[in-house]
Amino acid sequence: MDSIWHLTEQDFFWQLPEEKRDFLSLVARLSIKKNQFIFREGDPGDAAFYIEEGTVRIFRISPTGKEIIVSLRQPGGMFGLAEIMAEEKRIFSARAITHCRLYRIGRNEFKSLLRRHPSLAERVIETLGRRLRYLGEHIESMMIGDVATRLLKMLICLSCQHIQDITSLERPLRIPVKLTQEQLASMIGSSQQTVSETIKKLKEDGLIELLGKEIVISRPKEICERILV
């Protein structure tokens, strides 16, 4: 697990029950419809969000009008952390892929929470560091890596909720969110056609299965060994 620590992300409040109770006493509870914006690029970065249910995509629009998906946030994930800590405007937009239940906490309340709970401040640093490491590797792979490697690494990230320990890699992993090939292409900097051809090859090699619109990683351990070479 040490070798893929930056590809997996547990619940933000994992092993922090007291901190979560304090957090929940300060939040506003939101019900977000599918395709509804949570915030847009350029909005004030005055709050962070914890996902109780649903999936959120973080993205920006390129100068040519193309949507570039930076990441997906799933249940147990926090997003909006960088801007709330830096007190800067949003550089990305956040939009619900599915119906979501979110907890919103304002900047002042969140920083007060961190002062009361140093362990939570450490978790913020750990989370941002993990995401920065992944982003750095992702940029590098876009310059020198192949599409298959980028796609496999992203699929491992999306299945992180099911990776609890090394034994989790011994059995198939289901991707908990349904994405179009166009969305997959946006996330790895490729084209829909190339992603389609890559998925077909990975399926033929027995590395993934397609169950309707769902993707199942058939041999996650082998994939991890491949993407970490």
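The structure under discussion appears in the preceding block.
Per-chain numbering applies: the sequence of each chain, read as written, is numbered from 1 onward. Thresholds applied to this predicted model are a pLDDT of at least 70 for local features of residues and 80 or more for the giving and counting of side-chain atom pairs; totals over whole chains, interfaces and linings are not thresholded and use all residues. Each side-chain value is worked out from all heavy atoms of the structure, with water and hydrogens disregarded.

Trainee: What should I look at first to understand the sheet that holds strand S11 (residues 214-217) in this one?
Mentor: Across a sheet, paired strands are connected by hydrogen bonds in the backbone, their directions being either parallel or antiparallel. Whether two strands pair depends on DSSP finding at least two bridges between them. Each helix is a run of H or I in the DSSP string that is no shorter than four residues. Each strand is a run of E no shorter than two, and both are numbered from the N terminus. An order of S9-S11-S10 is seen for the 3 strands of this open sheet, with the pairing classed as antiparallel. Looking at which strands have only one partner, the edges of the open sheet turn out to be strand S9 (173-174) and strand S10 (208-211).

Trainee: Explain the pattern of salt bridges here, please?
Mentor: Side chains that differ in sign of charge can pair as their charged atoms come close. When a carboxyl oxygen of Asp or Glu is within 4 Å of a side-chain nitrogen of Lys or Arg, the pair counts as a salt bridge. As enumerated under the stated definition, the model contains 13 salt bridges in all. Between Glu87 and Lys111 there is a salt bridge; the shortest N-O distance is 2.9 Å. Taken together, the residues Glu87 in the loop between helix H2 (81-86) and strand S7 (93-96) and Lys111 in helix H3 (residues 107-116) connect sequence positions 24 residues apart. Note on Glu87: relative accessible area 49%, which makes it partly exposed. The class for Lys111 is partly exposed, based on a relative accessible area of 22%. For the salt bridge of Arg130 with Glu126, the shortest nitrogen-to-oxygen distance reads 2.6 Å. One end of the pair is Arg130 and the other is Glu126, both in helix H4 (residues 118-144) and 4 residues apart, which spans about a single turn. Here the term buried applies to any residue with accessible area under 20% of the maximum for its type, exposed to any over 50%, and partly exposed to those in between, with areas from a 1.4 Å probe on protein chains only. Looking at Glu126, the relative accessible area reads 38%, which means it is partly exposed. Linked by salt bridges that have partners in common, Arg123, Glu126 and Arg130 make up one network.

Trainee: Is there a simple way to explain the pairing of strand S5 (residues 67-73) in this structure?
Mentor: Residues in a regular strand point their side chains to alternate faces of the sheet. Pairing of strand S4 (residues 56-61) with S5, which is carried by 6 bridges, proceeds in the antiparallel orientation. Across the sheet, residue Ile58 finds its bridge partner in S5, namely Ser71. The turn joining S4 and S5, which pair antiparallel and follow one another in sequence, is formed by 5 residues; a positive phi near 90° is taken by Gly65.

Trainee: What's the story with unusual backbone geometry in this structure? I'm lost.
Mentor: Across the chain, the bulk of peptide bonds are trans and the bulk of non-glycine residues have phi less than zero. For Gln15, which is not a glycine, the phi torsion comes out positive at approximately 65°. As for its placement among the helices and strands, Gln15 is situated in the segment before helix H1 (17-24). Phi is positive for Glu87, which is not a glycine, with a value near 55°.

Trainee: What should I look at first to understand the packing of helix H5 (residues 147-158) against helix H6 (residues 181-188) in this one?
Mentor: Helix-helix packing: each pair is described by the crossing angle between the helix axes and the interaxial distance. To get an axis, fit a line to the C-alpha atoms, keeping to the stretch in contact for a helix; angles then go from 0 to 180 degrees between the N-to-C directions. Where H5 contacts H6, the two axes come as close as 10 Å, and the packing angle between them is 105°. On the basis of the axis angle, H5 is roughly perpendicular to H6. Residues Val147, Arg150, Leu151 and Met154 of H5 form the contact with H6, whose participating residues are Leu184, Met187 and Ile188. Amino acids are sorted into nonpolar (Ala, Val, Leu, Ile, Met, Phe, Trp, Tyr, Cys and Pro), charged (Asp, Glu, Lys and Arg) and polar (every other residue, Gly among them). Looking at the contact of H5 with H6 residue by residue, the classes come out as 6 nonpolar, no polar and 1 charged. Here is the rule for angles: anything less than 35 degrees is roughly parallel, anything more than 145 is roughly antiparallel, 65 through 115 is roughly perpendicular, and the remaining ranges are oblique. Here, residues are in contact when the closest pair of their heavy atoms is within 4.5 Å.

Trainee: Can you help me understand helix H8 (residues 220-227) in this one?
Mentor: Side chains of residues three or four places apart in an α-helix project in the same direction, reflecting 3.6 residues per turn. Buried within H8 we find Pro220, Ile223, Cys224 and Ile227. Each buried residue of H8 lies within a common arc of 100° when the element is viewed along its axis, so the set occupies one face. Considering only its buried residues, H8 is in contact with H5, S9 and S11. The arc in question is formed by the directions pointing from the helix axis toward the C-beta atoms.

Keep in mind these values describe shape, not function.
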